[in-house]
Amino acid sequence: MSAAVALVAERGTTAVALSDIAEAADVSRRVVYQHFGDRDTLLLEAGLDLARRELLPALTDEAPVASRERALPVARHFAQHRTFYRALLTGSCAFALDRGLLRLILPVNRHGLQTVHGDRLTARAVEDLATFVTGGVGALVTNWVVDGPDPLDPDEFTDRLLAATSVMMTALNERIVDEHP
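In this text, all values refer to a predicted model and were calculated from it rather than measured experimentally.

Peer 1: Looking at this structure, how should I read the nonpolar core?
Peer 2: Nonpolar side chains in soluble globular proteins tend to end up buried together. Counting 41 residues, the largest nonpolar core has Ile21, Phe78, Phe84, Tyr85 and Leu97 as its most contacted members. Among the secondary structure elements, those contributing two or more residues to this core are α1 (2-11), α2 (18-25), α4 (39-59), α5 (68-80), α6 (82-89), α7 (94-117), α8 (123-147) and α9 (154-179). Those residues in contact with Ile21 that lie beyond four places of it in its chain are Ala3, Ala4, Leu7, Val16, Leu42 and Leu43. One finds Leu106, Leu121, Val126 and Ala130 within the second-largest nonpolar core, a separate group that totals 7 residues.

Peer 1: Please explain the pattern of salt bridges as it appears in this structure.
Peer 2: Side-chain pairing between opposite charges can occur once the charged atoms of the two side chains come close. Applying the stated criterion to the full structure yields 7 salt bridges. One salt bridge in this structure joins Glu127 and Arg110, with 2.6 Å as the shortest N-O distance. Of this pair, Glu127 sits in helix α8 while Arg110 sits in helix α7, and the two are 17 residues apart along the sequence. You can call Glu127 partly exposed: its relative accessible area is 22%. Where salt bridges share partners, they join Arg68, Asp155 and Asp159 into one cluster.

Peer 1: Explain the confidence of the model for the protein chain here, please?
Peer 2: Segments scoring low in pLDDT should not have their predicted coordinates read at a detailed level. With 93% of its residues at a pLDDT of at least 70, the protein chain reaches an overall mean of 90. Put simply, α9 is where the protein chain has its lowest mean pLDDT, 80, and α6 is where it has its highest, 98.

Peer 1: Whenever I open this one, the packing of aromatic side chains confuses me. Can you help?
Peer 2: Aromatic ring pairs are described here by two measures, namely the spacing of the ring centres and the angle between the planes. In the structure shown here, the tally under the stated rule is 3 aromatic pairs. Seen in terms of ring centroids, Phe84 and Tyr85 are 5.5 Å apart; in terms of plane orientation they differ by 65 degrees. Their pairing is edge-to-face. Ring geometry for Trp144 versus Phe157: centroids 4.1 Å apart, planes at 10 degrees, classification stacked. Of this pair, Trp144 sits in helix α8 while Phe157 sits in helix α9; the two residues are 13 residues apart in sequence, bridging distant segments of the chain. You'll find Trp144 and Phe157 in the same group, each marked buried. Of the aromatic side chains, those joined through ring pairs into one cluster are Phe78, Phe84 and Tyr85.

Reading guide: rules and limits
- Residues numbered from 1 in each chain as written.
- Predicted model: local features only at pLDDT ≥ 70, side-chain atom pairs only at ≥ 80, totals over all residues.
- Heavy atoms only, no water.
- Core = buried A, V, L, I, M, F, W, Y, C linked by side-chain atoms within 4.5 Å.
- Buried < 20%, exposed > 50% of the residue type's maximum accessible area, 1.4 Å probe, protein only.
- Helix = DSSP H or I, 4+ residues; strand = E, 2+ residues; numbered from the N terminus.
- Contact = heavy atoms within 4.5 Å.
- Salt bridge = Lys/Arg side-chain N within 4 Å of Asp/Glu carboxyl O.
- pLDDT = per-residue confidence, 0-100.
- Phe/Tyr/Trp six-rings, centres within 6.5 Å; stacked < 30°, edge-to-face > 60°.

Structural data, given as structure tokens:
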């Protein structure tokens, strides 16, 4: 999978022949087909593997929800791997990658919301809010990676994310106080 990440990042496109990926990985095309079936599945798995290995560990610490300590690693990860992610997010596996990243990060946000709001929210509300936050931040990240200025500025983007989440969290806290005085 690292060969796929390297080739896509080097070329800036997902139009990389499976035989080129197999050669870079020093395996036969047949092995790649047996493990992944096709190029899109390989690229999807490479993207999710990269996020699992490098992004997820930075998010599972005890940093507060909607904090700079939690948001900056996200921005740095996507800025560091921009060429790779941009190619995937504008290619044929974009929808699958978006859904896969959502499923990967959703439990982290769910846990964070449960920790902060615990017994003040129903399980359904926590799930809905976690999905909303994860999808919303994902949409902002996708837009930034695909259309943002070159080079990407993780600090500036983190400030944008925190401003947006601050508005939402303030509104959520006000609503919770109104419902549970």
